[in-house]
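Listed here are the chains, written in short residue letters.
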Amino acid sequence: MVKISSDVQPGPKTGALTGILADERVVDSADEDLESDFKPLTAEQAQAWRLLNPLASPWRVLWLQVLVGALIAALTGWFSGQSRLAASVAWGVVAVVIPAVVFVRALSRQMRMRQAGSALAGLFVWELVKIVLTVVLLLAAPKVVADLSWLALVAGFVVTMKVYWLAMALGWMQRKSKPTIF
């Protein structure tokens with residue numbers, strides 16, 4: 001194993017670069033502390049932990065985004081009396097929700113994969129797809145919404161994005177954890 005350390009000087013056992021050891025392993029005191037505190041769980045303990053800490057559902061957050069987005073679009077149309085503002089807010093909501101639905105659907109498929117490396121690579125690919133889809137929806141806004149108000153669109157976009165904070169405040173994104181005995 002090759003470890004980089006800034007306090008090692010070149011000598012007979014080091015490589016060409018300062019601080020790279022070829023034959024010895026340099027271990028920091030912080031690494032030793034972390035390694036000594038780590039205790040892997042047994043299969044029974046891992047199963048008990050999974051039962052006590054169920055996965056949080058991203059679909060609940062998406063539904064909350066749809067609900068809040070529809071509410072702000074309706075309120076905007078009602079208070080302003082202008083359907084163009086409501087449509088602009090609604091398109092901002094759509095630019096958040098549709099890519100999120102695509103991402104959550106793909107994420108639920110990725111979680112079933114057995115190979116962690118493939119799942120992680122898929123996560124990055126689908127996040128890129130989500131970003132590209134969001135940009136495409138925002139660029140399509142002037143063609144889709146007649147008499148677009150960019151300010152209303154951005155307001156709808158930002159409020160819908162911030163629903164994650166509301167979901168956290170409601171406890172929807174937190175796992176229901178109980179004290180463990182192991």
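Residues numbered from 1 in each chain as written. Predicted model: local features only at pLDDT ≥ 70, side-chain atom pairs only at ≥ 80, totals over all residues. Heavy atoms only, no water.

## Quick look at the confidence of the model for the protein
Filter applied, for reference: What pLDDT conveys is the predictor's confidence in a given residue, as a value from 0 to 100. The numbering of helices and of strands both runs from the N terminus, where a helix is a DSSP run of H or I of at least 4 residues and a strand a run of E of at least 2. Here, two residues are considered to be in contact whenever any of their heavy atoms come within 4.5 Å of each other.
With 74% of its residues at a pLDDT of 70 or more, the protein has an overall mean of 79. Averaged over each element, pLDDT in the protein is lowest for helix α1 (residues 29-37) (59) and highest for helix α6 (residues 150-161) (95). Within the model, the stretch residues 13-24 combines pLDDT values under 50 with 26 contacts to residues more than four positions away or in other chains.

## A closer look at a nonpolar patch on the surface
For clarity, the threshold we go by: Patch membership needs two things, relative accessible area over 30% and no salt bridge, and members are linked within 9 Å if like-charged or within 5 Å if nonpolar (Val, Leu, Ile, Met, Phe, Trp, Tyr). Methods summary: accessible areas were calculated by the Shrake-Rupley approach with a probe of 1.4 Å, and residue burial reflects only the protein chains presented. Salt-bridge detection follows one rule: a side-chain nitrogen of Lys or Arg within 4 Å of a carboxyl oxygen of Asp or Glu.
Nonpolar side chains collect at one region of the surface, where Trp59, Trp63, Val66 and Val101 lie side by side and expose about 390 Å² of accessible area between them. Examining the composition of the nonpolar patch, we find that three residues originate from one element, helix α3 (residues 58-80), more than from any other. Within the element layout of this structure, Trp59 appears in helix α3.

## Looking at the packing of α3 against α6
Applicable threshold: Fitted lines through C-alpha atoms serve as axes, helices being fitted only where they are in contact, and the angles separating the N-to-C directions of these axes extend from 0 to 180 degrees. Here the word oblique covers every angle except those under 35 degrees (roughly parallel), over 145 (roughly antiparallel) and from 65 to 115 (roughly perpendicular). Throughout, a crossing is termed right-handed when the near helix is turned clockwise from the far one, and left-handed when it is turned anticlockwise from it by less than a right angle. Side-chain classes follow a simple rule in which Ala, Val, Leu, Ile, Met, Phe, Trp, Tyr, Cys and Pro form the nonpolar group, Asp, Glu, Lys and Arg form the charged group, and the remainder, Gly included, forms the polar group.
One can describe the packing of α3 onto α6 by two numbers: an axis separation of 9 Å at closest approach and a directional angle of 150 degrees. Considering their axes alone, α3 and α6 lie roughly antiparallel with respect to each other. The handedness of the crossing between α3 and α6 comes out as right-handed. Side by side, α3 and α6 meet where Gln65, Val68, Gly69 and Ile72 of the first sit next to Gly156, Val159, Thr160 and Met161 of the second. Counted by class, the contact of α3 with α6 contains four nonpolar, four polar and no charged residues.

## A closer look at the pattern of salt bridges
As a reminder, the rule being used: Whether a residue is buried, partly exposed or exposed follows from its accessible area with a 1.4 Å probe, protein chains only, as a fraction of its type maximum: under 20%, in between, or over 50%, in that order.
For the structure shown, the criterion picks out one salt bridge. In this structure, Arg84 and Asp147 form a salt bridge, with 3.5 Å as the shortest nitrogen-oxygen distance. Here Arg84 is found in helix α4 (residues 83-110), whereas its partner Asp147 is found in the loop between α5 (116-144) and α6, with 63 residues between them in sequence. By relative accessible area, Arg84 is classed as partly exposed at 30%. We classify Asp147 as exposed; its relative accessible area is 56%.

## Details of the side chain of Lys130
On the secondary structure map, Lys130 appears in helix α5. If sequence neighbours within four positions are ignored, Lys130 has contacts with Pro99, Phe103 and Tyr164.

## A word on the environment of Trp63
With respect to the helices, strands and loops of the structure, Trp63 is situated in helix α3. Exposure remark for Trp63: the relative accessible area of 62% places this residue in the exposed category. The spacing of Trp63 and Val97 is 34 residues in sequence and 9.1 Å in space, taken between C-alpha atoms.

## Considerations on the nonpolar core
Definition in use: Residues belong to one nonpolar core when they are buried, are Ala, Val, Leu, Ile, Met, Phe, Trp, Tyr or Cys, and are joined through side-chain atoms within 4.5 Å.
Counting twelve residues, the largest nonpolar core consists of Val61, Leu64, Val68, Ile72, Ala73, Leu85, Val89, Val93, Val97, Ala152, Val163 and Ala167. For this core, the element with the highest residue contribution is α3, accounting for five residues. With sequence-adjacent residues up to four places away left out, Ile72 is seen in contact with Val89, Val93, Gly156, Val159 and Thr160. If you look at the next biggest cluster of nonpolar residues, it comprises nine residues, including Trp91, Ala95, Val96 and Ala141.

## Quick look at the environment of Trp165
Note that Trp165 resides in helix α7 (residues 163-170). A sequence separation of 104 residues divides Trp165 from Val61, and the C-alpha atoms of the two residues are 9.9 Å apart.

## A short note on the packing of α3 against α4
Orientation of α3 relative to α4, taken along the N-to-C sense of each, is 175 degrees, at an axis distance of 8 Å. Here α3 is positioned roughly antiparallel relative to α4, judged by the angle of their axes. Between α3, through Pro58, Trp59, Leu62, Gln65, Val66, Gly69, Ile72, Ala73, Thr76, Gly77 and Ser80, and α4, the contact on the second element is made entirely by Leu85, Ala86, Val89, Ala90, Val93, Val96, Val97, Ala100, Val101, Val104 and Arg105.

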